[in-house]
Amino acid sequence: MYNVLIADDEKNICEGIAEFLDWQELGFHIIGLAANGEEALNMLSWQRCELILTDIRMPGIDGLALIRRIQEKDPGIKIIIVSGYSDFAYAKQAIEMGVKAFLLKPIDREELLAAVKKIKRELDGELEEYRRSLENDRIVRNQLFRELLSPGVSPEAVSKRLADQGVKLQGGRFLTAVLQPDFGGDKDAGLLGYSIKNIACELLELNDLEGYAFDYDGRRIGLLFCGGSRLESAAPAYLAELLSCVETYLHLSVSAGMGRPAESFGKLRDSFEAALEDCGGKALLSQAREPEERPSEAFGLSWRSEGLLNALQFLEEETVWTETDRLLQEIAEKQIPEKVVRGVLYGVLFELMGLYQKYNIGYELRWYDEKLRVLEEGLFRHRETVKDFLSALCREALQLFRETSVHRPSNLVLQVQQYCEQNYSHALNLQIIARRFYMNPAYLGRLFKAETGCSFSDYLNRLRITAAKRQLAAGTGRVSELIETLGYRNEEYFYRQFRKQEGRSFAEYRRQLTERRKEA
C-alpha cells in the first residue's frame, strides 16, 4: 500500500478527489488532506508519502513552491498537478520539475485513473528493484559472514569487505551464537527465518548491543556480537529474551548455542564452532527465562497486546480502537521514548504475523517488507505516526479475519483441544491456555463449555486420565512417575479425579487390570 497526500485550498476539491477513486483498491492509502503547502509539508515531516496531488494556486506556500521543497527532500515522490488554469507557463514548469501529470479542473475521472495507474506501475517497478538490491546486499553479507567463520580465509580481509557493505566489526572483543528454529515442514520457513532475524536485530537495538544476524546454512541463523567485557553478561540475557520473543510472536521452538569470547577476528571460527556444538539439537527455549524487565516495562508502559489481538480475531472493532487509543494515550502521558515505541510496534506486528501463521492466513512477503520498512523509516516520536501505523495494521487484520473462519468458536476450540492433547504433561490451566490463544479466560471457559458440553478442567482431567490408563496398559513403572508425566503435581488430586472419571479408585482399576493380564 502506497501513501498519497492531497493538497488543495478548496476543501470540497480535496474531499472530492479522496472520494473520486477507490484508492485502496488501486493500492493507495490517503494519509491526509492539506489546505495549503505548509500543511502538506508538516504532514510529510513525520510520515512517508509516495504520491502527492496538489493544486498550484494556494495561499502561503503554493503548489510549485511545494513541489520544489518536496524534491529537495525526496525526489522519488511522484506528483500530479490538479489545476483550474491551463496556462502553458505552468505546464512547462511542471514538466521541467518532473511532474507526472497535469490535470485540469473539473477533473476527468478516467484521466485521473489512468495517471494514478501509471504511477502505481512505476512505484511497483521501483519497489521491486529496491527489493532486488536489498536481496543482493543480503546475499553478499551472508556470504561474507560465512567466509569470516570459515577455515582457510583471511578474517582481516573479509572484515574489510564487510566494512565496504556497511558492516563495521568494532570493539576488539566478539561473541557468537547459533539459532536453529524448528520449522518442521512449514512452507513459510524462509519468511519465518526472515522474521527471526528482524526480531534479533530489533532486540539488539533495544538492548544497546552491537551485533548482526545472518543466514548460516538455510536451517540455522548466526549471531555475531561486538563490544567489550559487557558481552559475556549481556549476550546470554539477550539470547534468552530473543528465544522468548520468537516463541511468543511466531510460536516456534528454537535450539540455540553460544560460543566462547573471541579476542580477535582469528578466534571467531573457534567461537562459532563452539556455538554450533553447544546448539547440537539442545532446545534452550525451555531453559530460557522470561526477561525480568522488558524495555517497555522499564519506562512504565503497562499496555499489553493480548487485548488488541483478541479483539482482532473476534472482530470486536470497538475494542480494537479502544486498545489502540489506550496505547497512544499511555505513550503520550508517560513520554515513552521512540526506540521503545518502535519495539512495541514490532511486537504487535510479529504477534499478528504469528496469528496469521497459526491460522494459515496467507500474506505476501511484500506486505511484511512494507510494514518493516515503515517501522524502520518512520518517525515514531509523533503520536499521529504511531496511530496511522496501528490503524492501517488493524484495518488490514480485521479484513483478513473477516475473510476467514478463524473467528468461529468451533475452530478455536479445536485448536485448544489439539494444543492440550500435545501438552497435557505440562502445567496447564484455563489462564495459561487463554494467554496462549490471546483470549480472556472467562470468555474462553464459557466458549469451551458451550462447544464441548463440559468445562475446560473436566476436559483436561479426562484427557489426562485416559493417558494414565493407556500408560498403565503399556506397563508403566512407579505410580509417582506416572502421575508426574500426566502434568499432576498432587497425587491426592490425581486419585480423586481418577475416581470421578472412572467411578472406581485407581487402586481398584490397577488390581482389575493385573487380574485381566493374569487371565490372558
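Residues numbered from 1 in each chain as written. Predicted model: local features only at pLDDT ≥ 70, side-chain atom pairs only at ≥ 80, totals over all residues. Heavy atoms only, no water.

A. Main features of the overall build of the chain. Scanning the chain from N- to C-terminus turns up 23 helices and 9 strands. Here the chain holds 520 residues, and the buried ones make up 48% of them. Per element, the accessible surface of the chain, about 25,600 Å² overall, is 47% carbon and sulfur. (Helix = DSSP H or I, 4+ residues; strand = E, 2+ residues; numbered from the N terminus. Buried < 20%, exposed > 50% of the residue type's maximum accessible area, 1.4 Å probe, protein only. Areas by Shrake-Rupley, 256 points an atom, 1.4 Å probe, with all protein chains shown as cover.)

B. Structural context of the packing of helix α20 (residues 456–473) against helix α22 (residues 491–502). Running from N to C, α20 and α22 cross one another at 90°; their axes reach a closest spacing of 10 Å. Classified by the interaxial angle, the pair formed by α20 and α22 is roughly perpendicular. For the pair formed by α20 and α22, the contact residues are D458, N461, R462, I465, A468 and K469 on the first element and Y493, F494, Q497, F498, K500, Q501 and E502 on the second. Of the residues belonging to the contact of α20 with α22, the class tally is 5 nonpolar, 3 polar and 5 charged. (Axes fitted to C-alpha atoms, helices over the stretch in contact; angles between N-to-C directions. Parallel < 35°, antiparallel > 145°, perpendicular 65-115°, else oblique. Contact = heavy atoms within 4.5 Å. Nonpolar A, V, L, I, M, F, W, Y, C, P; charged D, E, K, R; others polar.)

C. Region of the structure containing the confidence of the model for the chain. With 85% of its residues at a pLDDT of 70 or more, the chain shows a mean pLDDT of 79. When the elements of the chain are averaged for pLDDT, helix α11 (residues 295–298) gives the smallest value, 50, and strand β3 (residues 51–54) the largest, 92. Below a pLDDT of 50 lies the segment residues 281–295, which in the model reaches 32 contacts outside its immediate sequence neighbourhood of four places, other chains included. (pLDDT = per-residue confidence, 0-100.)

D. Up close: the nonpolar core. Among the nonpolar cores identified, the biggest contains 65 residues, and L179, L223, F225, Y238, L242, L312 and L352 are the most heavily contacted of them. Within the second largest apolar cluster, 35 residues are counted, among which are Y419, C420, L430 and Y488. (Core = buried A, V, L, I, M, F, W, Y, C linked by side-chain atoms within 4.5 Å.)

E. Quick look at the sheet that holds strand β6 (residues 173–181). Taken in spatial order, the 4 strands of this open sheet run β7-β8-β6-β9, and their pairing is antiparallel. Of all strands in the sheet, those with a lone pairing partner are β7 (210–215) and β9 (254–258), marking the two edges. Strand-to-strand twist in this sheet, taken as the mean axis angle between neighbours without regard to direction, amounts to 20°. Here 5 bridges tie β6 to β9, and the two strands are oriented antiparallel to one another. Following the sheet pairing, P181 is matched in β9 by V254. With respect to the sheet, helix α10 (residues 268–279) is in contact with β6, β7, β8 (221–227) and β9, its orientation differing from that of β6 by roughly 30°. (Pairing = 2+ DSSP bridges.)

F. Layout of the sheet that holds strand β4 (residues 78–83). Read across the open sheet, the 5 strands follow the order β2-β1-β3-β4-β5; overall the sheet is parallel. Either end of the sheet is taken by a strand with one partner, and the two such strands are β2 (28–34) and β5 (101–104). Neighbour-to-neighbour, the strand axes of the sheet open up by a mean angle of 20°, direction not taken into account. Pairing analysis gives 6 bridges linking strand β1 (residues 2–7) to β2, with the strands arranged parallel. The partner of V4 across the bridge, within β2, is I30. With respect to the sheet, helix α1 (residues 11–20) is in contact with β1, β2, β3 and β4, its orientation differing from that of β2 by roughly 175°.

G. Here's a closer look at the pairing of β4. Within β4, 6 of the 6 residues are buried, which leaves it mostly tucked inside the rest of the structure. With burial as the criterion, each face of β4 is covered, one bearing K78, I80 and V82 and the other bearing I79, I81 and S83. Note that β3 and β4 share 4 bridges and pair parallel. Across the sheet, T54 pairs through a bridge with I81, a residue of β4. Assessed by its sense of winding, the connection that carries the chain from β3 through helix α4 (residues 63–73) to β4 is right-handed. (Right-handed = clockwise from strand over helix to strand, strands pointing away.)

H. Focus on the environment of T514. Along the chain, the position of T514 falls in helix α23 (residues 506–519). Taking C-alpha positions, T514 is 9.4 Å from A473, a pair spaced 41 residues apart along the chain.

I. Quick peek at unusual backbone geometry. Backbone torsion omega between K105 and P106 reads -5°, so that peptide bond is classified as cis. Among the structural elements, P106 can be located in the loop between β5 and α6 (109–148).

J. Representation of the pattern of salt bridges. Under the counting rule described, the total for this entry stands at 18 salt bridges. For D215, the salt bridge is made with K197, and the minimal N-O distance between the two is 2.8 Å. Remark: K197 occurs in helix α8 (residues 189–206) and D215 occurs in strand β7; sequence separation between them is 18 residues. Accessibility assignment for this pair places D215 and K197 in one class, buried. (Salt bridge = Lys/Arg side-chain N within 4 Å of Asp/Glu carboxyl O.)

K. Quick look at the packing of aromatic side chains. In total, this model carries 18 aromatic pairs according to the counting rule given. Judged by centre distance (5.9 Å) and plane angle (50°), the rings of Y2 and F28 are tilted. Remark: F28 occurs in strand β2 and Y2 occurs in strand β1; sequence separation between them is 26 residues. Judged by relative accessible area, Y2 falls into the buried class, the value being 5%. For F28, a relative accessible area of 2% corresponds to the buried category. (Phe/Tyr/Trp six-rings, centres within 6.5 Å; stacked < 30°, edge-to-face > 60°.)

L. How the structure looks around the environment of L44. Relative to the helices and strands, L44 is located in helix α3 (residues 37–44). For the pair L44 and I31, spaced 13 residues apart in sequence, the C-alpha to C-alpha distance is 9.5 Å. For L44, the residues in contact, after removing those within four places along its chain, are L5, C49, I52, I70 and K73.

M. How the structure looks around the packing of helix α12 (residues 306–313) against helix α16 (residues 383–402). Relative to each other, α12 and α16 sit at 40°, their axes nearing to 9 Å. Mapping the contact onto sequence places L308, L312 and Q313 in α12 and L390, C394, A397, L398 and F401 in α16. Broken down by class, the residue content of the contact of α12 with α16 amounts to 7 nonpolar, 1 polar and no charged.

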